[in-house]
Amino acid sequence: MEISIENHKAALAAQQAEFDTALAAKEATIAGLQAAATKDKTDAAAEKAAAIEARNKAVADLGAMTAQDQQNAAAVVAALNWATIDAEYADLQAKLAANSAKYDAARATLATLADAINAPFAEREAAAKAARVKELEAQLAAAK
């Protein structure tokens with residue numbers, strides 16, 4: 001009986017190692033998705049900062065120009081398609097949100113996978129404990 005329990009323990013240890021390997025792979029995938037989301041967020045913030053800096057520089061340059069130059073420059077600035085720039089920024093924000101959603105979905109999948117993998121182990125462990133209790137009770141009864 002003791003050999004069977006040891007074999008069971010070895011099998012459980014092997015299954016646990018397989019689970020740990022699968023879990024590590026899922027965690028690596030999540031880390032990759034998180035890094036991509038962080039990079040997208042950083043890129044979007046950098047692009048926004050660059051656009052703000054460019055706009056501020058343009059405003060400063062406008063202040064240094066003569067009245068006629070200011071009129072000409074105002075026409076140029078007005079001709080810039082700020083709607084397109086804002087739309088591109090909104091697109092980057094949407095991509096960031098999509099990557100964040102993928103990351104959240106991957107975490108949920110990992111949690112579901114972990115629950116599914118752990119359930120049989122818990123059932124087997126409970127059954128093994130119950131069998132051991134019965135065995136010990138039988139030994140105790142035999143000893144009385």
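Values in this document were obtained by computation on a predicted structure and should not be read as measured data.

1. Side note on the overall build of the protein chain
When helices and strands are tallied, the protein chain shows three helices and zero strands. Each helix and strand of the protein chain, ordered N terminal to C terminal, gives the series α-α-α. Summarising its shape, the C-alpha atoms of the protein chain cover approximately 110 × 20 × 20 Å along the three principal directions. Residues classed as buried in the protein chain amount to 10% of the 144 residues present. Long-range pairs, those at least 24 residues apart, make up 86% of the contacts in the protein chain between residues at least 6 apart in sequence. Total accessible area on the protein chain stands at roughly 10,300 Å², and carbon and sulfur atoms take up 62% of it. Counting 15 positive and 20 negative side-chain charges, the protein chain places the averaged centre of each group 5 Å from the other.

2. Some details on the pattern of salt bridges
Applying the stated rule across the entire model yields five salt bridges. The salt bridge involving aspartate 43 is made with lysine 39; its shortest N-O contact spans 2.7 Å. Of this pair, aspartate 43 and lysine 39 both sit in helix 1 (residues 2–64), four residues apart, which is roughly one turn of that helix. A relative accessible area of 29% means that aspartate 43 is categorised as partly exposed.

3. Re the packing of aromatic side chains
Applying the stated criterion across every chain, the model contains zero aromatic pairs. Lying over the aromatic face of phenylalanine 121, arginine 124 brings its terminal NZ or CZ to 6.0 Å of the ring centre.

4. With respect to the side chain of asparagine 99
In this fold, asparagine 99 is placed in helix 3 (residues 82–143). Contacts of asparagine 99, omitting those with residues within four sequence positions, involve Ala36, Ala37 and Asp40.

5. Regarding the confidence of the model for the protein chain
In the predicted model, the protein chain carries a mean pLDDT of 86, and 96% of its residues have values of at least 70. In the model of the protein chain, helix 2 (residues 67–79) stands out as the element of lowest mean pLDDT, 77, in contrast to helix 3, which has the highest, 90.

6. With respect to the environment of glutamine 71
Turning to its location among the elements, glutamine 71 is positioned in helix 2. Between the C-alpha atom of glutamine 71 and that of glutamate 18, which follows or precedes it by 53 residues, the distance is 71 Å.

7. Quick word on the environment of isoleucine 30
Looking at the secondary structure, you find isoleucine 30 in helix 1. Measuring from C-alpha to C-alpha, the distance between isoleucine 30 and alanine 101 comes to 12 Å, with 71 residues separating the pair along the chain. Among all residues touching isoleucine 30, those that are not within four sequence positions of it are Tyr103, Ala106, Arg107 and Leu110.

8. Let's talk about the environment of alanine 98
Turning to its location among the elements, alanine 98 is positioned in helix 3. We classify alanine 98 as partly exposed; its relative accessible area is 37%.

What counts as what
- Residues numbered from 1 in each chain as written.
- Predicted model: local features only at pLDDT ≥ 70, side-chain atom pairs only at ≥ 80, totals over all residues.
- Heavy atoms only, no water.
- Helix = DSSP H or I, 4+ residues; strand = E, 2+ residues; numbered from the N terminus.
- Buried < 20%, exposed > 50% of the residue type's maximum accessible area, 1.4 Å probe, protein only.
- Contact = heavy atoms within 4.5 Å.
- Areas by Shrake-Rupley, 256 points an atom, 1.4 Å probe, with all protein chains shown as cover.
- Lys, Arg positive; Asp, Glu negative; His and termini not counted.
- Charge placed at Lys NZ, Arg CZ, Asp CG, Glu CD.
- Salt bridge = Lys/Arg side-chain N within 4 Å of Asp/Glu carboxyl O.
- Phe/Tyr/Trp six-rings, centres within 6.5 Å; stacked < 30°, edge-to-face > 60°.
- Lys NZ or Arg CZ within 6 Å of the ring centre and 35° of its normal.
- pLDDT = per-residue confidence, 0-100.

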